[in-house]
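Examination of the molecular architecture
Single-letter residue listing:
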Amino acid sequence: MDEKHDEIVMVHRDSLSCEAIVRRLKDGSLFLVCQCGGVKEPAIENRVLVFRSEDGKKWSEGEPIVPDNGTANYATDVDVDENGVITVSMTEHSGGYLDTKGLSLISRDNGNSWERQPLPVFGEKFCFLRNSFRAKSGARYTAYQFYDIPKEENDRLSAEGKCVFDTSLQYVRCGLISTFDNKIFRKSDDILVANEWDGKRVWQWPEPAPIQLSDGSFSMLLRINGAGRLYRCDSADGVVWSAPYATDIPNPNNKPKLLPLKDGSIALINTPNSATGMKYRNPLEIWISDDDMKTWKYKKRVLDFPGWLSYPDGFAEEDRIIFSFEVNRHDVYFASVDISDYFRRQ
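Notes on the structure follow. (Residues numbered from 1 in each chain as written. Predicted model: local features only at pLDDT ≥ 70, side-chain atom pairs only at ≥ 80, totals over all residues. Heavy atoms only, no water.)

Counted by the stated rule, this structure contains 27 aromatic pairs. Where Trp203 meets Trp205, the ring centres are 6.1 Å apart and the plane angle is 70 degrees; that geometry is what we call edge-to-face. Trp205 matches Trp203 in its accessibility class, with the two residues each being buried. Ring plane angle 55 degrees and centroid distance 6.2 Å describe the contact between Trp287 and Trp296, whose orientation is recorded as tilted. In this structure Trp287 comes out as buried when scored by relative accessible area, which is 7%. Classification of Trp296 by relative accessible area gives buried; the value is 12%. Members of the aromatic cluster, each reached through a chain of ring pairs, are Tyr74, Tyr97, Phe126, Phe128, Tyr147, Phe165, Trp203 and Trp205. The side chain of Lys262 reaches across the aromatic face of Phe343, ending 4.6 Å from its centre. (Phe/Tyr/Trp six-rings, centres within 6.5 Å; stacked < 30°, edge-to-face > 60°. Buried < 20%, exposed > 50% of the residue type's maximum accessible area, 1.4 Å probe, protein only. Lys NZ or Arg CZ within 6 Å of the ring centre and 35° of its normal.)

The structure is reproduced here in structure tokens:
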């Protein structure tokens, strides 16, 4: 890493840290959320903490995003709109992703207070919303990852002290929801991801990463556990999707992140390793494509620490990629990575 231009700063250490998400607020400050607490995930001790920084170098202590009500909670997306309104997509559960309630936390005062609302389209159902972005039309799109578990099965497993991995659910349902004309929502057709790999039962966390392409169509990258590579779906309109198909992008069962750049190129934050499992979540790299993800002509290694470099998430800003990630499921880090050499070489 070129330390003259790049910066990696430790934000927090906990008994568990999972899925750090950082965004720039309207006042210019940085706002980061992460699930922390307990020693595993999912667990009843899991809580979402908020961290703040003015410059990315010094960070506040973590504070719970909401008062503790005895349930575990998890955040999967943060969106900041043009008016500065913050929306955090959350999940509450009883410790094993059962008895789950989805919710949106809305703040109109820079995250100082929050109002609770149902998730768009899915209400309180077990759905992770991820990776909100603005399309060329101005519409807001958000990927979904929906677990349609029957209430009867949920209640039985909850009574038996089991968790979501013990359900008989055959498919995870993914797609996009879109916001038009002052909060009118539309849901796309479902992309079905089977809870299996190579003929064996494997629980899937697809963690869809959507992007709009240069011709106005849409694509989405999916984490498929066991595959050793990312999968992709395509859609002309964001409603009807192709079946998932394999890409040549290595991935060890880790969340990818796609970001639009100022010139229309697409950046990918990923751990390109074809061996599967948490211990193979390295190195951490930024790839950039100028041809709608057909090829990746620019690749920059951010970190090759021999540990678990998990769940990168952030945003692009001028000549930099700004994101958070965690190391070994304990340490939360903030990164500001210079990509000006990509624009210079064009």
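As for its placement among the helices and strands, Lys255 is situated in the loop between strand E20 (245–250) and strand E21 (257–260). Residue class for Lys255 comes out buried when judged on its relative accessible area of 1%. Sequence separation between Lys255 and Leu222 is 33 residues; the distance between their C-alpha atoms is 8.1 Å. Residues in contact with Lys255, not counting those within four places in the same chain, are Glu19, Arg130, Glu207, Arg223, Ile269, Tyr311, Pro312 and Asp313. Within polar-contact distance, the side chain of Lys255 engages the side chain of Glu19 at 2.7 Å. For Lys255, the side chain forms a polar contact with the side chain of Asp313, separated by 2.7 Å. (Helix = DSSP H or I, 4+ residues; strand = E, 2+ residues; numbered from the N terminus. Contact = heavy atoms within 4.5 Å. Polar contact = N/O pair within 3.5 Å; in protein donor to acceptor, adjacent residues only side chain to side chain.)

Let us look at the side chain of Asp77. Within the secondary structure, Asp77 sits in strand E6 (residues 72–80). In terms of polar contacts, Asp77 uses its side chain to reach the backbone amide nitrogen of Asn131, at 3.1 Å. Among the polar contacts made by the side chain of Asp77, one reaches the side chain of Ser132 at a distance of 2.7 Å. Among all residues touching Asp77, those that are not within four sequence positions of it are Ile21, Arg23, Thr87, Val88, Ser89, Leu129, Arg130, Asn131, Ser132 and Thr142.

Before going further, it helps to examine helix H1 (residues 151–159). Every buried residue of H1 is listed here: Glu153, Asn154 and Leu157. Buried residues along H1 cover an arc of 100 degrees about the axis, so they all sit on one side. What points out from H1, more than 90 degrees from its buried face, is the exposed set Lys151, Glu152 and Ala159. Looking one or two places after H1, you find Gly161, whose phi comes out positive at around 70 degrees. (Arc of directions from axis to C-beta.)

The next subject is the side chain of Ser29. Position of Ser29 relative to the elements: it lies in the loop between strand E2 (17–24) and strand E3 (30–36). With relative accessibility at 5%, the residue Ser29 sits in the buried group. A polar contact of 2.7 Å, which involves the side chain of Ser29, links it to the side chain of Asp27. Non-local contacts of Ser29, meaning those with residues more than four positions away in its chain, are made with Arg23, Arg24, Ser53, Glu54 and Asn110.

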